[in-house]
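Reading the structure
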Amino acid sequence: MKPAKSKATLLLAAAMASVMLAGCSGYKPAPKAFHEAVMQPYRVDAGDRLRINVFEQSGLSGTYSVDQAGYIAFPLIGAVPARGHTLQELEGSIAASLRQGFLRDPDVSIEIDRYRSFFIMGEVGQAGQYSYVAGMTVQKAIAIAGGYSPRAHHRDVDITRTINGKILTGRVPITDPILAGDTIYVRERLF
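Below is a summary of the structure that appears in this document. (Residues numbered from 1 in each chain as written. Predicted model: local features only at pLDDT ≥ 70, side-chain atom pairs only at ≥ 80, totals over all residues. Heavy atoms only, no water.)

1. Observations regarding the side chain of R171
The condition is simple: We count a stretch as a helix when DSSP gives it H or I for four or more residues in a row; a strand needs E for two or more, and each element gets its number in order from the N terminus. Distance and chemistry together define a polar contact, namely a pair of N or O atoms within 3.5 Å, with one atom able to donate a hydrogen and the other to accept it when in protein, and with adjacent residues in sequence counting only for side-chain atoms on both sides.
Along the chain, the position of R171 falls in strand β9 (residues 166-173). Within the structure, the side chain of R171 is placed 2.7 Å from the side chain of D158, a separation counted as a polar contact.

Here you go:
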């Protein structure tokens, strides 16, 4: 009887181990670039709305949206490539274009008027698209989306983020910051 009982115990242990490993098979820790991206200057992308001020030029100053192609339609100079640029780089680009026969020494300043949205899916009260606020964490994003569903995994989430033109996905704790444009996925817990 002992060999049959230990064989059944061994099979049960093997089955439990395979179930536990199957739950971990999709695990991917966040790449190093995730944490570095949070420390970098903000990069403009489609969906951002910018407040551009050209000193003493009220006709040029205003609010401009970055279109899906990553451009801003700016008076006098036309389409300005904005995707992937920092605010300082964009200020320099617009000022340089305005110097090309329009203004002698333009003083351009840019602020974010509205960040592009973030998305949250999975085990939350209201999955969807939400307005991003600078300094937001995963936990705050979950709260905005109506909190956890009863089946939600509470410790960490999967985030998909575009970094340097590449789409990366990784698992982060709920205390980590998010960036505008992130997609957050709250998984279902196993037990």
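2. Side note on the environment of T162
You can see T162 is positioned in strand β8 (residues 156-163). Considered as a pair, T162 and T183 are 21 residues apart in the sequence and their alpha carbons are 9.6 Å apart.

3. Describing the sheet that holds strand β5 (residues 108-114)
Threshold: Paired strands, in this sense, are two strands between which DSSP finds at least two bridges. Lines fitted to the C-alpha atoms define the axes, with helices restricted to the stretch that makes contact. Angles between their N-to-C directions range from 0 to 180 degrees. Residue contacts follow a heavy-atom distance rule, with two residues in contact if any of their heavy atoms lie within 4.5 Å.
Spatially, β2-β1-β5 is the arrangement adopted by the three strands of the open sheet, whose pairing is antiparallel. Lying at the two open borders of the sheet, with one neighbouring strand each, are β2 (62-65) and β5. Here the strands of the sheet are splayed against their neighbours by 30° on average, with no regard to which way each runs. Seen against the sheet, helix α3 (residues 87-99) touches β1 (49-54) and β5 and runs at an angle of roughly 130° to β5.

4. Structural notes on the side chain of E91
What counts here: Burial here depends on accessible area, computed with a 1.4 Å probe over protein chains only, as a share of the maximum for the residue type. Under 20% is buried, over 50% is exposed, and the range in between is partly exposed. His is not counted, nor are the chain ends; Lys and Arg add positive charge and Asp and Glu add negative charge. For this analysis, a salt bridge means a side-chain nitrogen from Lys or Arg found within 4 Å of a carboxyl oxygen belonging to Asp or Glu.
Relative to the assigned elements, E91 resides in helix α3. The charged side chain of E91 is buried without a salt bridge, its nearest counter-charge being R99 at 10 Å. If we ignore the near neighbours within four places in the chain, the residues touching E91 are V108, S109 and I110.

5. A word on the sheet that holds strand β10 (residues 183-186)
Pairing within the open sheet is mixed, and its five strands lie in the order β7-β6-β10-β8-β9. Since the sheet does not close on itself, it has two edges, and those belong to β7 (128-130) and β9, each with one partner. For this sheet, the mean angle separating the axes of adjacent strands, direction not counted, is 25°. Alignment of β8 against β9, held across eight bridges, turns out to be antiparallel. The residue of β9 that forms the bridge with D156 is P173. Of the strands in this sheet, β8 and β9 are in contact with helix α2 (residues 32-39), which crosses β8 at around 70°.

6. Quick notes on the pattern of salt bridges
By the definition in use, this model includes 13 salt bridges. With its nearest N and O atoms 3.3 Å apart, the salt bridge here joins R151 to E123. With R151 in the loop between α4 (138-144) and β8 and E123 in the loop between β6 (118-122) and β7, the pair connects residues that are 28 residues apart, well separated along the chain. A salt bridge links D158 to R187; the nearest nitrogen and oxygen atoms lie 3.8 Å apart. Taken together, the residues span a long stretch of sequence, with D158 in strand β8 and R187 in the segment after β10 at a distance of 29 residues. Within this structure, R49, R51, E111 and D113 form a network of salt bridges that share partners.

7. Details of α3
Put simply, the rule is: Helix span, expected: 1.5 Å multiplied by one less than the number of residues in the helix. Arc definition: directions from the helix axis to the C-beta atoms.
When the terminal C-alpha atoms of α3 are compared, their 18 Å separation across 13 residues agrees well with the 18 Å that a helix rising 1.5 Å per residue should span. For α3, the complete set of buried residues consists of L87, L90, E91, I94, A95 and L98. Considered in projection along α3, the buried side chains sweep an arc of 130° and stay on one side of the axis. Elements that come into contact with the buried residues of α3 comprise β1, β3 (71-74), β4 (78-81) and β5. Looking one or two residues beyond α3, the residue adopting positive phi is G101, at roughly 100°.

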